[in-house]
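One letter stands for each residue in the lines below.
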Amino acid sequence: MLNNKNILLIISGGIAAYKSLELIRGLRKERANVRCILTKNGEKFVTPMSLAALSEHKVYTDLWSLKDEREMGHIRLSREADLIVIAPASANLIAKMAHGLADDLASTCLLASDKPIMIAPAMNPMMWNHPATQNNMKILLQRDIIQIEPKSGEMACGETGIGRMSEPDDILSSIKDFFSEKPLKNMKAIVTSGPTYEAIDPVRFLGNRSSGKQGHAIATALIQAGAHVHYITGPTHLPHPKGATIIEIESAEEMLAHVEKNLPADLFIGAAAVCDWTVETDHLQKIKKKDNLTPPQLNLKENPDILKKVSLSSKRPQLVIGFAAETENLNNNAKDKLKHKNCDWIVGNEISPEQNVFGNSENQVCLFQYTEDRKEIIQTDLPRMTKIKIAQKLVNEIIHYFETIQKDNRNECTNPSLNVVPYGSQ
Ligand code: C5P
């Protein structure tokens, strides 16, 4: 997979630098070409000699060495790379990158580069958790730098916490993942997730028990397959999926507005547990409990059905997938939903108390799919498994769907320029 890929490996100062030797071995085994830049502080932990022996190339250390510049200047070093990997990335180098400093070979190469960058931070937990480092990381993530999360554990300095560099094998897997085929590249997906909250007054709301875990896992699996994901989520306790465009909402009305704003798209997945009803309320202040008075009456009105609206929209995505969370009669209810909501697939999800699905990391689902002529429904039952595995299976099915229609288009179409182009690539 990495055959002839050019990796520029930057090694900055930190005890984890010794792990970069193992990383180089792994990269060479996969037949990648590795060029190394070692910072002055990095040289305190590993020698240019060991890096040169393992990478089978000269190691670059100095911005001002005329010989280096003549042989391969810093501009060429970064231009020839397919990927720049910084492992370990010290707090200092992260700060320099975030603020555009270029005072040595490593930071100058990074500033003079438009290549994708992957960083594996490694530092003391205090340094990692310091607001300065966290802010710097935020800046880098906004620039689409790929972060290989530091791990938790005992540090060389004796302290415990988050800051250990990922193991070389994990870094190698991330590099392989970066170069792997992305079957949903250029596709735009909208995923709704989590519950909606319907306000009763400024303090209270109607809600439901959705944790958002299944929608989160689906968004993550779509991102891994290369899709641009617009993730519209109700309130949850989860960190947001990395790499998605995040839109936080509370009510179903807000969710609908953002879904419509984000159309057109190639794919819509309605994994959110949208409240079916909202409260007719004009309470701008908290409703007060008054002694001897009957409790207030809540007048409910129906919420818009987002899934149905998307299915019937003039900007309808090519593939529209909904969920049916049912405590009974799952099969019939799911099939009914497929018909009434006019979507293409329904993921049926039994949520009876015995299934213990809410907040759990496991789930049990069946997939209901219309045949191409929409005359029949195919049902596929999946065994109980983690929500992450279910998301991966669903995304594989989605990949298969888009590959099939692209193949059909190619067969039907003698003029290749008339083939369907994914919306996201336009
Ligand atoms: O009608 P029901 O809530 O059972 O349908 C579930 C499916 O419809 C889910 O995919 C959910 O995200 C979607 N839905 C919606 N808008 C609503 C209610 C449900 O998009 N108001």
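As a reminder, the structure under discussion sits directly above these lines.
This text gives an overview of the structure that appears in the document. Small disclaimer: the values here were computed from a predicted structure and weren't measured.

**So, helix H13 (residues 330–340)**
Next, step 1: Turning to H13, its buried residues number three or more, namely Leu330, Ala334 and Leu338. Buried residues along H13 cover an arc of 65° about the axis, so they all sit on one side. The exposed residues of H13 that point more than 90 degrees off its buried face are Asn332 and His340.
Next, step 2: Turning to H13, the residues buried within the fold contact strand S17 (319–326), strand S18 (345–350), strand S20 (365–370) and strand S21 (377–381).
Next, step 3: Where H13 ends, the next residue or the one after it, Asn342, has phi of about 60°, a positive value.

**Structural notes on the pattern of salt bridges**
Next, step 1: By the definition in use, this model includes 16 salt bridges.
Next, step 2: Ionic pairing is found between Arg76 and Glu80, a salt bridge with its closest N-O pair at 3.0 Å.

**Description of the site of the ligand**
Next, step 1: Every residue close to the ligand is listed here: Gly270, Ala272, Val274, Asp276, Pro304, Asp305, Ile306, Leu307, Gly322, Phe323, Lys337 and Lys341.
Next, step 2: Leu307 places a main-chain nitrogen or oxygen 2.8 Å from an oxygen atom of the ligand.
Next, step 3: Contact with the protein chains removes 87% of the 440 Å² of surface that the ligand exposes when unbound.
Next, step 4: Listing elements by their share of the shell around the ligand, those giving two or more residues are helix H12 (306–312) and S17.
Next, step 5: Among the residues forming the shell around the ligand, the class breakdown is six nonpolar, two polar and four charged.

**Focus on the sheet that holds S21**
Strands pair in a sheet through their backbones, by hydrogen bonds, and they do so in one of two ways: parallel or antiparallel.
Next, step 1: Ordered by their spatial adjacency, eight strands build an open sheet running S13-S12-S9-S14-S17-S18-S20-S21, and the pairing between neighbours is mixed. Two strands close off the open sheet at either side, each with one partner strand: strand S13 (245–248) and S21. Strand-to-strand, the axes of this sheet are offset by a mean angle of 15°, without reference to chain direction.
Next, step 2: In terms of strand pairing, S17 meets S18 through six bridges, oriented parallel. Paired with Ala325 across the two strands is Asn349, which belongs to S18.

**Topic: the packing of helix H1 (residues 17–29) against helix H9 (residues 168–179)**
Next, step 1: At a minimum axis separation of 9 Å, H1 and H9 run at an interaxial angle of 45°. Accordingly, the angle class assigned to the pair H1 and H9 is oblique. As H1 packs across H9, the resulting crossing turns out to be right-handed. Contacts between H1 and H9 involve Lys19, Glu22, Leu23, Gly26 and Leu27 on the former and, on the latter, Pro168, Ile171, Leu172 and Ile175.

**Some remarks on unusual backbone geometry**
Next, step 1: A cis amide bond, omega 0°, links Ala87 with the succeeding residue Pro88.
Next, step 2: In this structure, Pro88 sits in strand S4 (residues 83–89).
Next, step 3: Here the bond from Leu263 into Pro264 is cis, since omega is 0°, no more than 30 degrees from zero.
Next, step 4: Turning to its location among the elements, Pro264 is positioned in the loop between helix H11 (252–262) and strand S14 (267–270).
Next, step 5: Phi is positive for Asn4, close to 65°, though the residue is something other than glycine.
Next, step 6: In this structure, Asn4 sits in the segment before strand S1 (6–11).
Next, step 7: Phi at Arg374 takes a positive value of approximately 60°, unusual for a residue other than glycine.

**Here's the deal with the packing of aromatic side chains**
Next, step 1: With the rule as written, the count across this model stands at four aromatic pairs.
Next, step 2: With centroids separated by 5.9 Å and ring planes inclined at 90°, the aromatic side chains of Trp345 and Tyr401 adopt a geometry described as edge-to-face. Placement of Trp345 in strand S18 and of Tyr401 in helix H14 (residues 387–412) is noted, with a sequence separation of 56 residues between them.
Next, step 3: Ring plane angle 85° and centroid distance 5.2 Å describe the contact between Tyr401 and Phe402, whose orientation is recorded as edge-to-face.
Next, step 4: The rings of Trp345, Tyr401 and Phe402 are connected pair by pair, giving a single aromatic cluster.
Next, step 5: Its end group placed over the ring of Tyr60, Lys58 keeps NZ or CZ at 5.5 Å from the ring centre.

**Some words on empty space enclosed by the protein**
Next, step 1: On inspection of all chains with the given rule, the structure shows one cavity of 30 Å³ or more.
Next, step 2: Reported here for the largest cavity is a volume of approximately 30 Å³.
Next, step 3: Along the walls of the largest cavity sit Pro183, Leu184, Met187, Ile399, Phe402, Glu403 and Gln406, which together make up its complete lining.
Next, step 4: Grouping the amino acids of the lining of the largest cavity by side-chain chemistry returns five nonpolar, one polar and one charged.

Rules of the game
Residues numbered from 1 in each chain as written. Predicted model: local features only at pLDDT ≥ 70, side-chain atom pairs only at ≥ 80, totals over all residues. Heavy atoms only, no water. Buried < 20%, exposed > 50% of the residue type's maximum accessible area, 1.4 Å probe, protein only. Helix = DSSP H or I, 4+ residues; strand = E, 2+ residues; numbered from the N terminus. Arc of directions from axis to C-beta. Contact = heavy atoms within 4.5 Å. Salt bridge = Lys/Arg side-chain N within 4 Å of Asp/Glu carboxyl O. Near = heavy atom within 4 Å. Polar contact = N/O pair within 3.5 Å; in protein donor to acceptor, adjacent residues only side chain to side chain. Areas by Shrake-Rupley, 256 points an atom, 1.4 Å probe, with all protein chains shown as cover. Nonpolar A, V, L, I, M, F, W, Y, C, P; charged D, E, K, R; others polar. Pairing = 2+ DSSP bridges. Axes fitted to C-alpha atoms, helices over the stretch in contact; angles between N-to-C directions. Parallel < 35°, antiparallel > 145°, perpendicular 65-115°, else oblique. Left-handed = near helix turned anticlockwise from the far one by under 90°. Phe/Tyr/Trp six-rings, centres within 6.5 Å; stacked < 30°, edge-to-face > 60°. Lys NZ or Arg CZ within 6 Å of the ring centre and 35° of its normal. 1 Å grid on protein atoms, 1.4 Å probe; cavity = no way out; pocket = protein on both sides within 12 Å on 5 of 7 lines; lining within 4 Å. Points joined across faces, edges and corners; volume = space filled by probe spheres on them.

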